[in-house]
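Next come the chains, spelled out residue by residue.
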Amino acid sequence: RNLMKTDVKETDDSYELDIDLPGFHKDEIDAQLQDGYLTISAAKTLNKDKQDKKSGNYIRQERYSGSMSRSFYVGDTITQDEIHAKFEDGILRLTLPKKDAQKIENSNCIAIEG
């Protein structure tokens with residue numbers, strides 16, 4: 001449903017994720033890092049119990065109510081303290097450091113035991 005649209009940008013020393021979360025408040029958003037996966041969750045409920053007789057009844061209600069999440073594999077070399085998060089104007093911006101991947105020796109030869 002076009003929720004949590006994300007732009008990922010690479011800079012010289014980091015990756016930046018901009019995640020659209022319009023209509024959410026900062027306290028409705030959660031970001032966790034576990035086993036190399038960065039998971040962003042957001043939950044919103046529309047309080048239908050608050051009904052004022054003067055304001056009338058809804059004929060149609062299209063605003064989002066529910067929860068959603070999205071995960072990104074960021075590797076297991078990044079720690080939670082290295083990720084910077086800022087929420088402003090309905091956009092969650094996460095900045096992750098760019099780390100050198102461990103170089104895997106690439107050889108076309110297969111080792112034969114025996």
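The structure under discussion appears in the preceding block.
Everything numeric here is computed off the predicted structure, so don't read it as measured data. (Residues numbered from 1 in each chain as written. Predicted model: local features only at pLDDT ≥ 70, side-chain atom pairs only at ≥ 80, totals over all residues. Heavy atoms only, no water.)

**Looking at the overall build of the protein**
Looking only at helices and strands, the protein features 0 helices and 7 strands. Mapped in sequence order, the helices and strands of the protein form the string β-β-β-β-β-β-β. When each of the 114 residues of the protein is scored for burial, the buried share is 22%. Within the protein, counting contacts between residues at least 6 apart in sequence, those at least 24 apart form 56% of the total. (Helix = DSSP H or I, 4+ residues; strand = E, 2+ residues; numbered from the N terminus. Buried < 20%, exposed > 50% of the residue type's maximum accessible area, 1.4 Å probe, protein only. Contact = heavy atoms within 4.5 Å.)

**Thoughts on the pattern of salt bridges**
This model, assessed by the stated rule, comprises 6 salt bridges. The closest approach of N and O atoms between Lys-99 and Glu-82, which form a salt bridge, is 2.9 Å. One end of the pair, Lys-99, is in the segment after strand S7 (91–97); the other, Glu-82, is in the loop between strand S5 (66–73) and strand S6 (84–88), with 17 residues separating them in the sequence. (Salt bridge = Lys/Arg side-chain N within 4 Å of Asp/Glu carboxyl O.)

**Some points on the sheet that holds S7**
Taken in spatial order, the 4 strands make up an open sheet running S1-S2-S7-S6, and their pairing is antiparallel. The sheet is open, and its two edges are formed by strand S1 (6–10) and S6, each paired on a single side. When strand polarity is set aside, the average angle formed by the axes of neighbouring strands in this sheet is 15°. The pairing of strand S2 (residues 14–20) with S7 spans 7 bridges and is antiparallel. Counterpart to Asp-20 in the pairing with S7 is Ile-91. (Pairing = 2+ DSSP bridges. Axes fitted to C-alpha atoms, helices over the stretch in contact; angles between N-to-C directions.)

**Comments concerning the side chain of Ser-14**
Within the secondary structure, Ser-14 is located in strand S2. A distance of 2.8 Å separates a polar atom in the side chain of Ser-14 from a polar atom in the side chain of Thr-11. (Polar contact = N/O pair within 3.5 Å; in protein donor to acceptor, adjacent residues only side chain to side chain.)

**Side note on the environment of Leu-92**
Within the secondary structure layout, Leu-92 lies in strand S7. On a C-alpha basis, the gap between Leu-92 and Leu-21 in space is 6.9 Å, while along the polypeptide they are 71 residues apart. Setting aside residues up to four positions removed in sequence, Leu-92 forms contacts with Leu-17, Asp-18, Ile-19, Leu-21, Ile-29, Ile-40, Ala-85, Lys-86 and Phe-87.

**Some words on the pairing of S2**
With 5 of its 7 residues buried, S2 lies for the most part within the structure. Where S1 lies against S2, 5 bridges are found, and the strand directions are antiparallel. Its bridge partner being in S2, Glu-10 is matched across the sheet by Tyr-15. The turn joining S1 and S2, which pair antiparallel and follow one another in sequence, is formed by 3 residues.

**Focus on the sheet that holds S5**
In spatial order, the strands read S3-S4-S5; together these 3 strands make up an open sheet with antiparallel pairing. Each having just a single partner strand, strand S3 (29–34) and S5 make up the two edges of the open sheet. Neighbour-to-neighbour, the strand axes of the sheet open up by a mean angle of 15°, direction not taken into account. Judged from the 6 bridges that link them, S3 and strand S4 (residues 37–44) form a sheet pairing that is antiparallel. Counterpart to Leu-33 in the pairing with S4 is Leu-38.

None of this, on its own, says anything about what the molecule does.
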